[in-house]
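One-letter residues, chain by chain:
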Amino acid sequence: MSDKLPSAARFMVRQASQGWMVYDRQRKGPALIGTNLALAVNLTKEQAERIQRTLAAGLGPQAIIVSNRSDCLFVSR
């Protein structure tokens, strides 16, 4: 049995002033996603949860393809 406490997850979904965001505890701000490293803000809750799962799985921010259309968010594997 280990005396170590489990570390807090680096990425978490939280409500922002407009929509939802993925917060990066290491950066102390919104997570960076996509090839242009955009901020993960103003998302639907479902989009934020998908991004959080992708980043937590270690696939990296470039694995997330973001479109200017609000209904488009793709995760490449």
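J.: Where do I start with the environment of Arg50 in this structure?
T.: Note on placement: Arg50 falls in helix α1 (residues 45-56). Relative accessible area serves as the criterion here: at 38%, Arg50 is assigned to the partly exposed category. Considering only alpha carbons, one finds Arg50 and Ile64, 14 residues apart in sequence, at a separation of 9.5 Å.

J.: What is the right way to look at the pattern of salt bridges in this model?
T.: In a structure, side chains of opposite charge can pair up when their charged atoms sit close to one another. Inspection of every chain in the model, using the stated rule, returns one salt bridge. Measuring nitrogen to oxygen at the nearest pair gives 2.8 Å for the salt bridge that ties Arg10 to Asp24. Taken together, the residues Arg10 in the segment before β1 (11-15) and Asp24 in strand β2 (residues 20-24) connect sequence positions 14 residues apart. Look at Arg10 and you get partly exposed, because its relative accessible area is 37%.

J.: Honestly, the sheet that holds strand β3 (residues 29-30) in this entry has me stumped. Any pointers?
T.: Whether parallel or antiparallel, the strands of a sheet pair through hydrogen bonds between backbone atoms. Ordered by their spatial adjacency, three strands build an open sheet running β1-β2-β3, and the pairing between neighbours is antiparallel. Two strands bound the open sheet, and with one partner strand each, they are β1 and β3. Where β2 meets β3, two bridges bridge the pair, whose relative direction is antiparallel. Following the sheet pairing, Asp24 is matched in β3 by Gly29.

J.: I would appreciate a short explanation of the pairing of β2 in the present structure.
T.: On a regular strand, each side chain points to the face opposite its neighbour's, so the side chains alternate between the two faces of the sheet. The buried fraction of β2 is high, at four of five residues. Bridge count for β1 against β2 is five bridges, and the pairing is antiparallel. Its bridge partner being in β2, Gln15 is matched across the sheet by Trp20. Hairpin remark: β1 followed by β2, antiparallel, with four residues in the connecting loop; positive phi at Gly19, about 75°. As consecutive antiparallel partners, β2 and β3 are separated by four residues, and within that stretch Lys28 has a phi angle of approximately 60°, a positive value.

About the criteria used
- Starting from 1, residues in each chain are numbered consecutively following that chain's sequence as written.
- Restriction of local features to residues with pLDDT of at least 70 applies here, the model being predicted, together with a cutoff of 80 or more for giving and counting side-chain atom pairs; totals for whole chains, interfaces and linings are based on all residues.
- No hydrogens and no water enter the side-chain calculation; it runs on all heavy atoms of the structure.
- In this description a helix means any DSSP run of H or I spanning at least four residues, a strand means any run of E spanning at least two, and both kinds are numbered starting from the N terminus.
- Note on exposure labels: buried denotes an accessible area under 20% of the residue type's maximum, exposed denotes more than 50%, and partly exposed covers the range between, all computed with a 1.4 Å probe on protein chains only.
- The term salt bridge refers to a pairing of a side-chain nitrogen on Lys or Arg with a carboxyl oxygen on Asp or Glu at a separation within 4 Å.
- A pair of strands is considered paired only if DSSP assigns at least 2 bridges between the two.

By themselves, these observations are geometric and do not establish any function.
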